Amino acid sequence: MKTRVIILIILCCVSISGAAVQSVNLFSDNFNRPDDTDIDVSLVGMSGTLSPLVYVEIGDNEIYPVQSGTGNPYPELTSIVDNQLYMAYGTNMTTMYLDYNFNDSEITTAGGMRIGLTIVDGGNFTDNDRFVGFGVGNTLSECQNVWFDFNGDGFRGRIGNWAGFSDLWIGWSPNLGGKIQVYKNGPTSEGGENYAIEGIPLSGNGDDRLELELFFDSFADGSMVNANIVWNGEVVGTEKFAWDADGLSENYIGLNARQGNRIIVDDLAIDAIYDEHSKLVAPAEPPSIVTVPGDKKLDLQWTKGKDGTGSPNPDVNKYYVYVTDELINGDPNFASSGADTYTVNEPDTFKNIDIDYDQVKYWRVDQSVEIDGNDSGPNDPNTITGFVWQFETQKSLPVIAEDGDPVSLLRYPYTDAENYEGDAVFTCTFSNLVNPVNVSWYAASDPNNAIVTGGDFVVTDPANNGIGIDVAATLTISNVVADYEDAYYCEFALQSDPGTVVATSASADLGVRRQVAHWKLDSDVSGYDNGLYIDSSGEGHHAEPNALPDPESDIDFPAGVDASTNESLNLVANPLYAADSGVWHPAMHTGEITISAWVNWAGQNSQNQVLVCGRNYATGVNSWFFEVINGQIQVNAPGYDAFGVAMPYGGEWMHVAMTAAGGSGTLYIDGLEAESSDNYAMNVVEIPVYLASSGRQNGTLINAFNGQVDDVQIFNYAMTAEEIVDNFYNAILGESVCLYPDDTFDIANTETGLVSGDEGFVGDCRVNLSDFAEFASHWLYCGYYPTCPYNN
């Protein structure tokens, strides 16, 4: 049922003629200067109170991010040509920012600012990832770390779900004949822009203008900004966002473009807007979710727009307020709808809006302007049309609170008394105001049977039939063991209708740290039995080789790394001794992994060599690769940067290990960290896991590791550097390893008598009196010649 209300609010009249429209140009650039690839080597064409300003061009003449390397590979990406600005002038992308923080008091006094440029030519490429635009609300740090290319974090964000830095970015795209893309507050939605305003073609006259008008009171974090998106002088969209400058109150403006040939723009302008037709600048908006009071009435409040001096507009004496639960052509009901008119005596407030649960309300406040002693009416073009605001009312059914879903947990099993952290407790926090509910917990592996209190599982029902705000329902699991590893979630059903689920929480994983595979690769039944490499971890991930090695053969099973390991598997004898351990994932409920192995590398051959990987050739889904490619041992994952080091030696045993967790990974050689990456993650899906192969192609396991392999272990959590040593190095060699061989203070070796600087010096991995004595022997030494300037 659509509800409509129009309210006329009458205030005291003040007979003052309307102030003239006024704006202050802060910075303009018409680019009328000589052709140059350095676009601000000349300042001709710049004007405004802040002129001149510097353009910082990423990946062009000035800055090339550390992430991408060094140098100046695209000097003509952004150029002055024929008194215009050519952006994306080549095969890559223009990314630049104005080196100025646009948060002047001039802007806040005015209550608004406008950014605009003219698009002269949009280029030839028309796909969705070609554009030209600008973003506001960037911090200086964000600008300095923006990616110059289209495949990383930028001002806009991009197709493929890369984040964007700008609080609000708008730009024109030639896709679909022309459209305006809109990205809000950084991260993009799945698959592209937050949304697009379509049907915006270029006129062909070379004078199409894209502008963004912003209205706000403060640059403080969280302050709301209302925006007009303007095309050729016409408002084609409105938007609302919040400043997010990390507490810095910074508003750097970033400009970017991408095309296959170039996009030509002109007449960049940034203004402070003083306008008697300014929108309401500080509405006392209801929260996004409105509490429904007992009388089901809501008060709306706002603050009038400003005049040409930045003061509240004295010519506004009436407001026309529209409230509806349905938008008509993207706007609340127009003044011509014929709805009733109400009069109240309190300024800037309309009280007693009727609301109820489960509603979405849209509202708009138009400002009547006094002209020649008469107030403009609802249909008068002089009446200032307001922004559309909206709010929702509380739900009558349960709603999971923000951050109220259960949180994933990673635990040691209770049998590991030294490390056990105690019970695993999952909590779901929700609000439920009207209807009593039942809450049930489920394990994802058994969605048809709710968990009931018993044994190691305790379900706590919420009090008061689940009615209240921030109500908690909990599931407690004690004596955590591997059998309890699962994903858990809760469901809500009305007590009046128990068979109908009305809300469901997100699931949370319970991961239990442990060894999930251990292939000893010995010839006896503990390592190889019945045509399978036995998994001695107890998890049952036995691996089936493509060709069967001979357990009686010293060639197929030569001596391993140490007597304690017995034999090893020799893949030089036959690469088809590589094996398939079935479909699973070590990190299924933990998101973490550690892989350890001893290898004796026979050298590079004509193929990639894989030690362990998770890969599905049939579906094309990959998870991780621990491999040797072109003589480099590396850790790899689809869509991320491989990282690794050259194989330090061949023809002898060495220990290799990798860990991955939380978007980062580490490679270890002989117990020490060799390389790491903060850009590494796995697809955690059930997938074929291969031993010494990259996968099965036409029934044959390919890309076998070239050498001997021994004692391969996989854990479902990321071990620390100390655990790598404890669990791998000590276990086989019975030796300790120095975790910090390059300690600055380890400058004397007690056993050898050598000190730092002596030929053959190696520290003893401890700092003691010998190190102090060596340091003290150089006390007050001065290296200046011929005299020391210091008074010793």
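Residues numbered from 1 in each chain as written. Predicted model: local features only at pLDDT ≥ 70, side-chain atom pairs only at ≥ 80, totals over all residues. Heavy atoms only, no water.

1. A look at the overall build of the chain
Next up, step 1: Broken down by element type, the chain carries 4 helices and 52 strands.
Next up, step 2: Taken over 792 residues, the chain has a buried fraction of 51%.
Next up, step 3: Taking contacts inside the chain between residues at least 6 apart in sequence as the whole, the part at least 24 apart equals 68%.
Next up, step 4: Within the structure as shown, the chain displays about 34600 Å² of accessible surface, and the carbon and sulfur contribution to it stands at 48%. (Helix = DSSP H or I, 4+ residues; strand = E, 2+ residues; numbered from the N terminus. Buried < 20%, exposed > 50% of the residue type's maximum accessible area, 1.4 Å probe, protein only. Contact = heavy atoms within 4.5 Å. Areas by Shrake-Rupley, 256 points an atom, 1.4 Å probe, with all protein chains shown as cover.)

2. Section: the pairing of strand S16 (residues 252-258)
Next up, step 1: S16 sits mainly inside the fold: 7 of its 7 residues count as buried.
Next up, step 2: A two-sided burial pattern is seen for S16, the buried positions comprising Tyr252, Gly254, Asn256 and Arg258 on one face and Ile253, Leu255 and Ala257 on the other.
Next up, step 3: Sheet topology note: the strand S7 (residues 93-98)/S16 ladder contains 5 bridges and is antiparallel. Of the residues in S16, the one forming a bridge with Thr95 is Asn256.
Next up, step 4: Relative to S16, strand S9 (residues 131-138) is paired through 6 bridges, and the arrangement is antiparallel. Directly across from Phe131, in S16, lies its bridge partner Arg258. (Pairing = 2+ DSSP bridges.)

3. Some remarks on the pattern of salt bridges
Next up, step 1: The final tally for this structure, using the stated rule, is 17 salt bridges.
Next up, step 2: Across the salt bridge formed by Glu239 and Lys184, the nearest N and O atoms sit 2.9 Å from each other. In this pair, Glu239 sits in strand S15 (residues 234-242) while Lys184 sits in strand S11 (residues 179-184), placing the two residues 55 residues apart along the sequence.
Next up, step 3: Taking the relative accessible area as the measure of exposure, Lys184 reaches 28% and is therefore partly exposed.
Next up, step 4: Among the salt bridges present, the one from Asp580 reaches Arg696, with a minimum N-O distance of 3.2 Å. (Salt bridge = Lys/Arg side-chain N within 4 Å of Asp/Glu carboxyl O.)

4. Quick word on the confidence of the model for the chain
Interpretation of this model should avoid reading the predicted coordinates in detail wherever pLDDT is low.
Next up, step 1: Predicted confidence across the chain gives a mean pLDDT of 84, with 81% of residues reaching 70 or more.
Next up, step 2: Considering each helix and strand of the chain separately, the mean pLDDT is smallest for strand S1 (residues 4-10), with a value of 44, and largest for strand S37 (residues 532-533), with 98.
Next up, step 3: Every residue in residues 1-21 scores below 50 in pLDDT, and together they form 81 contacts with partners more than four places removed in sequence or on other chains.
Next up, step 4: Taken as a whole, residues 61-72 scores under 50 in pLDDT and shows 27 contacts with residues more than four places along the chain or in a different chain. (pLDDT = per-residue confidence, 0-100.)

5. Considering the environment of Leu26
Next up, step 1: Mapped onto the secondary structure, Leu26 falls in strand S2 (residues 22-29).
Next up, step 2: Residue class for Leu26 comes out buried when judged on its relative accessible area of 2%.
Next up, step 3: The sequence separation of Leu26 and Glu106 amounts to 80 residues, and the corresponding C-alpha distance is 9.0 Å.

6. So, the pairing of strand S52 (residues 707-715)
Next up, step 1: Counting buried positions along S52 yields 9 of 9 residues, so the element is predominantly enclosed.
Next up, step 2: Direction of pairing for strand S35 (residues 515-519) relative to S52: antiparallel, over a ladder of 4 bridges. Bridge pairing in S52 links His518 to Gln713.
Next up, step 3: Bridge analysis of strand S39 (residues 569-570) against S52 gives 2 bridges, and the strand direction is antiparallel. Its bridge partner being in S52, Leu569 is matched across the sheet by Val709.
Next up, step 4: Sheet topology places strand S41 (residues 593-601) next to S52; 7 bridges connect them, and they run antiparallel. When the bridges of S52 are listed, Asn600 appears paired with Gln708.

7. Considering unusual backbone geometry
Next up, step 1: Following Ser51, the chain continues to Pro52 via a peptide bond in cis, the omega torsion being -5°.
Next up, step 2: Note that Pro52 resides in the loop between strand S3 (46-47) and strand S4 (55-58).
Next up, step 3: Even without being a glycine, Phe31 presents a positive backbone phi close to 60°.
Next up, step 4: Among the structural elements, Phe31 can be located in the loop between S2 and S3.
Next up, step 5: For Asn698, which is not glycine, the phi torsion reads 55° and is therefore positive.
Next up, step 6: For Asn698, a relative accessible area of 79% gives the class exposed.

8. Here's the deal with the sheet that holds strand S40 (residues 579-584)
Next up, step 1: With antiparallel pairing, the 7 strands of this open sheet are ordered in space as S38-S40-S49-S42-S43-S44-S45. Looking at strand neighbours, the two that pair on one side only are strand S38 (544-545) and strand S45 (643-646), the edges of this open sheet.
Next up, step 2: With 5 bridges connecting them, strand S43 (residues 621-629) and strand S44 (residues 632-636) associate as antiparallel partners. Looking at S44, one finds that Phe625 is bridged to Asn636.

9. Quick look at the sheet that holds S4
Next up, step 1: Reading across the sheet, the 7 strands line up as S4-S7-S16-S9-S10-S11-S12 and stay open at both edges, with antiparallel pairing between neighbours. At either end of the open sheet lies a strand with only one pairing partner, and these are S4 and strand S12 (195-198). Looking at each pair of strands side by side, their axes are set apart by 20° on average, direction ignored.
Next up, step 2: Bridge analysis of strand S10 (residues 168-173) against S11 gives 6 bridges, and the strand direction is antiparallel. By the bridge assignment, Leu168 is partnered in S11 with Lys184. (Axes fitted to C-alpha atoms, helices over the stretch in contact; angles between N-to-C directions.)

10. Describing the side chain of Asn175
Next up, step 1: Position of Asn175 among the secondary structure elements: in the loop between S10 and S11.
Next up, step 2: When its relative accessible area of 13% is taken as the criterion, Asn175 is described as buried.
Next up, step 3: Engagement of the side chain of Asn175 in a polar contact is seen with the backbone oxygen of Thr126, the distance being 3.0 Å. (Polar contact = N/O pair within 3.5 Å; in protein donor to acceptor, adjacent residues only side chain to side chain.)

11. Quick word on the packing of aromatic side chains
Next up, step 1: In total, this model carries 20 aromatic pairs according to the counting rule given.
Next up, step 2: Ring plane angle 65° and centroid distance 6.3 Å describe the contact between Phe27 and Tyr55, whose orientation is recorded as edge-to-face. Highlighted residues: Phe27 in strand S2 and Tyr55 in strand S4, separated in sequence by 28 residues.
Next up, step 3: A relative accessible area of 0% means that Tyr55 is categorised as buried. (Phe/Tyr/Trp six-rings, centres within 6.5 Å; stacked < 30°, edge-to-face > 60°.)

12. Considering the state of the cysteines
Next up, step 1: By the definition in use, this model includes 0 disulfides.
Next up, step 2: Cys428 provides the cysteine sulfur closest to Cys490, a residue in no disulfide bond, and the two sulfurs are 3.1 Å apart. (Disulfide = S-S within 2.5 Å.)

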